[in-house]
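# Remarks on the overall topology
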Amino acid sequence: MVARRDHLQVMLDTGAERRTLKYKTDYTVDGWGEPDLVVSLNEPAPVGASVILRGGRSTQNVAGCPMAKRYFDGCEKEVVLAPTMTLKVTGRQWNWSYGYPDYGDFEIFSNMLPEEEASEELYRFEVDNRVILPVGETIRVTTTASDVIHSWALPNFAVKIDAVPGRINETWIRAEQEGVYYGQCSEICGVNHAFMPIAVEFVSRPAFEAWIDGQRSLAGLDPMFETDSVKLAQADDAGAAAE
Ligand SMILES: [Cu+2]
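Residues numbered from 1 in each chain as written. Predicted model: local features only at pLDDT ≥ 70, side-chain atom pairs only at ≥ 80, totals over all residues. Heavy atoms only, no water.

Under an unreviewed UniProt entry, the name given to the chain is Probable cytochrome c oxidase subunit 2, and the source organism is Hyphococcus luteus. We quote the UniProt Catalytic activity (unreviewed entry) comment for the chain here in full: "4 Fe(II)-[cytochrome c] + O2 + 8 H(+)(in) = 4 Fe(III)-[cytochrome c] + 2 H2O + 4 H(+)(out)". Taken verbatim from the UniProt record of the chain, the Subcellular location (unreviewed entry) comment is "Membrane". (UniProt positions renumbered as here; feature names shortened; annotations may be inferred.)

Here it is, written out as structure tokens:
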């Protein structure tokens, strides 16, 4: 699904050049915010040219590019998924903090759960605050560190990227299924190196937005989405306060 004009980029690649097409001048779109998005070119693409869609929130165009096939039958297809958001990871002795620069100036700290609070299988993996991310979207991940070199490693995503003080490294992750994925700091960083796990939970877009609004409210910021679940949570709080 692509809900917003600035989340979709349409390009024409003739082999000799690649240019970004202009909305309305070169193409029109039907179905903003709906599962099926129809992109129509005002002029047919030249024979042999590729039409390239970048749309980070699209989930239709992942495997085998069915969306591109459906709407650009006869053209070569290539679909590139642009990131919809950035996760800023900071390693520190000895926990991880996570910023969400697209969603406000707040940061969460993720500490290992002590042995008595974690389940037996997840001791040294489970944390008090998991990273929450939307499923089906490409997430840009930047890493840095506040003291010594750490490494943010998430084996399910084939990610192991150094977090270096004074530098920013960049990678990306994307999950097609909701769930929790675990990793650990993978660069010896001091006596508690073995106690800085990583837990990333992918949730639906509405659940993510509700979580973001919850974090914003903790940071004293106004809600960005005003989702139903946040309203419900606030109603519960009000109910609890009244009791
Ligand atoms: Cu570390």
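Between its terminal C-alpha atoms helix α2 (residues 205-218) stretches 20 Å, which fits the 20 Å expected from 14 residues at 1.5 Å a residue. When α2 is considered as a whole, its buried residues turn out to be R205, F208, E209, A210, W211, I212, D213, Q215 and R216. G220 sits one or two residues past α2 and shows a positive phi near 80°. (Helix = DSSP H or I, 4+ residues; strand = E, 2+ residues; numbered from the N terminus. Expected span 1.5 Å × (residues − 1). Buried < 20%, exposed > 50% of the residue type's maximum accessible area, 1.4 Å probe, protein only.)

A regular strand carries its side chains on alternate faces of the sheet. Side-chain alternation along strand β13 (residues 159-163) places V159, I161 and A163 on a buried face and K160 and D162 on a face that remains uncovered. Pairing between strand β12 (residues 150-154) and β13: five bridges, direction antiparallel. Each bridged residue has a counterpart across the sheet, and for W152 the counterpart in β13 is I161. Counting the residues between successive antiparallel strands, the hairpin from β12 to β13 contains four residues, one of them, A158, with a positive phi of roughly 55°. (Pairing = 2+ DSSP bridges.)

Moving on, we get to the coordination of the copper ion. Note on the copper ion: its protein donors are H150 (ND1), C185 (SG), C189 (SG) and M196 (SD). The metal-donor distances range over 2.0 to 2.6 Å. Coordination at the copper ion comes from four donor atoms whose angles at the metal span 95 to 125°, giving a geometry best classed as tetrahedral. Read in sequence order, the donor residues coordinating the copper ion give the pattern H-x34-C-x3-C-x6-M. Both residues of the pair, C185 and C189, belong to the buried class. (Donors = N, O, S within 2.8 Å, 3.2 Å for Na, K, Ca; no water. Tetrahedral: all angles 85-135°; square planar, octahedral: opposite > 155°, others 65-115°.)

For the rest of this paragraph, the subject is the sheet that holds strand β10 (residues 131-134). Pairing within the open sheet is mixed, and its five strands lie in the order β10-β16-β15-β12-β13. Only two strands of the sheet have a single partner each, and these edge strands are β10 and β13. Averaged over all pairs of adjacent strands, the angle between strand axes in this sheet comes to 25°, irrespective of strand direction. Where strand β15 (residues 179-185) and strand β16 (residues 197-203) come together, six bridges link them in antiparallel fashion. If you follow G179 over to β16, its bridge partner there is F202. Most of the contacts of α2 go to β10, to which it runs at about 135°, and overall it touches β10 and β16. (Axes fitted to C-alpha atoms, helices over the stretch in contact; angles between N-to-C directions. Contact = heavy atoms within 4.5 Å.)

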